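Each chain is listed here by its residues.
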Amino acid sequence: MTETDTPILNARHLLGIEALSVGEITGLLDLAEEYVKLGRAPQKKLALLKGRTVINLFFEPSTRTQSSFELAGKRLGADTMNMSVRTSSVSKGETLVDTATTLNAMRPDILIVRHQDSGAAELLSRKLDCSVVNAGDGCHEHPTQALLDALTIRRRLGRLDGLTVAICGDIAHSRVARSNIHLLTKMGATVRLIAPKTLLPADAASFGCEIFTDMNKGVADVDIVMMLRLQMERMAGAFVPSAREYFRFWGLDRKKLALAKPHAFVMHPGPMNRGVEIDSAVADDIEVSLIQEQVEMGVAIRMAVLDALSRGLSGGSA
Ligand code: NCD
């Protein structure tokens, strides 16, 4: 991971999975494996990004993504700074571009951005000098989430190719779903989308996935059941009758999980709405739930992404 400067990513930014090749995805997953080992060692720190500045600019709340990017930067030796939007001038009306341009003047090397608008990361990548990483833009993409999900699956099942993965729930509002659909289909997995009609995107038929509105049919014989949070903050009006009703038809409990393959695993990007999209009995069962492992893989993937981007920074990699 340190002895080579071989580029893994062709671009200077990581804006989405859609533009990545199979080789770039595999390169990042392989590199992340090294960082899983490092994260489990007593001495977790490298000097790869020593002297580099990484800024986290989050316009939406985040627990896992923000903290793992911060930890990833620190473990690689970078100076990391978290920009909280509540205390910034954004609350005084400054625009996304103004805020980012101000930060850009402080000469960061990498800017990690999460924003409620689709396309926000791409817009900044055109305006700023530093590398930009998309940590979630509206309903569009969340590339590091799909990469960490793929790493988690590959480590447990040994491959992605030939697997069947069911993505269930609020697909319409989910950037996690979109990035996972791009990644899993590129890597040769079959993706099933399971949701009530109201939570399927209008263009779902063009995604190259199998579509189910009946969860019992959708989870039959799958290798992985990936649950999504009902994203109330992105819904104007009622998309589901009630949380209780939703859980009955689209919530994952032991009974529905029993229809999947005997050793099927359950995933969720977090944060979970327990009793709405997933039953605690399933979420907390370490025999089937990979949810905590996803969090661990999140740090490793973000280290791999920062490492890969640092190889293209001016002045060469550290
Ligand atoms: C996801 C997100 O923000 O898109 N969470 C995450 O990054 N772990 C999913 C969600 O908010 O439901």
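Presented here is a report on the structure given in the accompanying data block. (Residues numbered from 1 in each chain as written. Predicted model: local features only at pLDDT ≥ 70, side-chain atom pairs only at ≥ 80, totals over all residues. Heavy atoms only, no water.)

1. Re the sheet that holds strand E8 (residues 224–227)
The sheet built from five strands is open, its strands ordered E7-E6-E5-E8-E9 with parallel pairing. Unpaired on one side and paired on the other, strand E7 (210–212) and strand E9 (265–267) mark the two borders of the sheet. Across this sheet, the average inter-strand angle for adjacent strands is 20 degrees, counted without regard to direction. As paired strands, strand E5 (residues 164–168) and strand E6 (residues 190–194) are joined by five bridges and run parallel to one another. The partner of Ala-166 across the bridge, within E6, is Arg-192. (Pairing = 2+ DSSP bridges. Helix = DSSP H or I, 4+ residues; strand = E, 2+ residues; numbered from the N terminus. Axes fitted to C-alpha atoms, helices over the stretch in contact; angles between N-to-C directions.)

2. Observations regarding the site of the ligand
Taken together, Thr-65, Arg-114, His-142, Gln-145, Arg-175, Val-176, Arg-229, Gln-231, Pro-269, Gly-270 and Pro-271 make up the full set of residues near the ligand. Gln-145 places a side-chain nitrogen or oxygen 3.5 Å from a nitrogen atom of the ligand. Arg-175 places a polar side-chain atom, nitrogen or oxygen, 2.7 Å from an oxygen atom of the ligand. In the complex, the protein chains occlude 94% of the 310 Å² of accessible area that the ligand would expose alone. Tallied by class, the residues present in the shell around the ligand amount to three nonpolar, five polar and three charged. (Near = heavy atom within 4 Å. Polar contact = N/O pair within 3.5 Å; in protein donor to acceptor, adjacent residues only side chain to side chain. Areas by Shrake-Rupley, 256 points an atom, 1.4 Å probe, with all protein chains shown as cover. Nonpolar A, V, L, I, M, F, W, Y, C, P; charged D, E, K, R; others polar.)

3. Notes on the layout of surface pockets
Over the atoms a probe the size of a water molecule is rolled, and this reveals where empty space is left. Counted as a void, the largest pocket has a volume near 450 Å³. What lines the largest pocket is a set of 26 residues, among which Arg-114, Arg-175, Arg-229, Gly-270 and Pro-271 lie closest to the centre. Listed by contribution, the elements that provide at least two residues to the lining of the largest pocket are helix H2 (64–75), helix H5 (143–157), helix H6 (175–186) and helix H11 (291–310). With four residues, H11 is the single largest residue contributor to the lining of the largest pocket. Among the residues forming the lining of the largest pocket, the class breakdown is seven nonpolar, eleven polar and eight charged. Its volume calculated, the second largest pocket comes out at about 250 Å³. In terms of lining, the second largest pocket is formed by 18 residues, of which the most central are His-13, Leu-14, Leu-15, Gly-16 and Ala-19. Elements that contribute at least two residues to the lining of the second largest pocket include exactly helix H4 (120–127) and strand E4 (131–137). (1 Å grid on protein atoms, 1.4 Å probe; cavity = no way out; pocket = protein on both sides within 12 Å on 5 of 7 lines; lining within 4 Å. Points joined across faces, edges and corners; volume = space filled by probe spheres on them.)

4. Here's the deal with the pattern of salt bridges
For the structure shown, the criterion picks out 19 salt bridges. In this structure, Arg-155 and Glu-33 form a salt bridge, with 2.5 Å as the shortest nitrogen-oxygen distance. Of the two residues, Arg-155 sits in helix H5 while Glu-33 sits in helix H1 (residues 22–40), which places them 122 residues apart along the sequence. We note a salt bridge from Lys-217 to Asp-214, for which the minimum N-O separation is 4.0 Å. According to the relative accessible area criterion, Lys-217 is exposed, its value standing at 56%. For Asp-214, a relative accessible area of 31% translates into the label partly exposed. By sharing partners, the salt bridges in this structure join Asp-30, Glu-33, Arg-154 and Arg-155 into a single network. (Salt bridge = Lys/Arg side-chain N within 4 Å of Asp/Glu carboxyl O. Buried < 20%, exposed > 50% of the residue type's maximum accessible area, 1.4 Å probe, protein only.)

5. Some words on the pairing of E6
Of all the five residues making up E6, four are buried; the element is thus mostly covered by neighbouring parts of the structure. Where the polypeptide runs from E5 across H6 and back to E6, its parallel neighbour, the crossover connection is right-handed. Strand direction decides the pairing type here: E6 and E7, joined by three bridges, are parallel. Across the sheet, Arg-192 pairs through a bridge with Glu-210, a residue of E7. (Right-handed = clockwise from strand over helix to strand, strands pointing away.)

6. Looking at the sheet that holds E4
Here four strands make up an open sheet; going across it, the order is E2-E1-E3-E4 and the pairing parallel. The open sheet is flanked by strand E2 (79–84) and E4, the only strands paired with a single partner. Adjacent strand axes in the sheet meet at a mean angle of 15 degrees, parallel and antiparallel pairs treated alike. Note: strand E1 (residues 53–58) against strand E3 (residues 110–115), five bridges, orientation parallel. Among the inter-strand pairings, Leu-57 is bridged to a residue of E3, identified as Val-113.

7. Details of the pairing of E4
Taken residue by residue, a regular strand's side chains alternate between the two faces of the sheet. In terms of burial, E4 is a largely internal element, seven of the seven residues being buried. Bridging between E3 and E4 involves five bridges; their strand directions are parallel. By the bridge assignment, Leu-111 is partnered in E4 with Val-132. Of the crossover connections in this fold, the one passing from E3 over H4 to the parallel E4 is right-handed.

No statement about biological role is implied by the geometric values presented.
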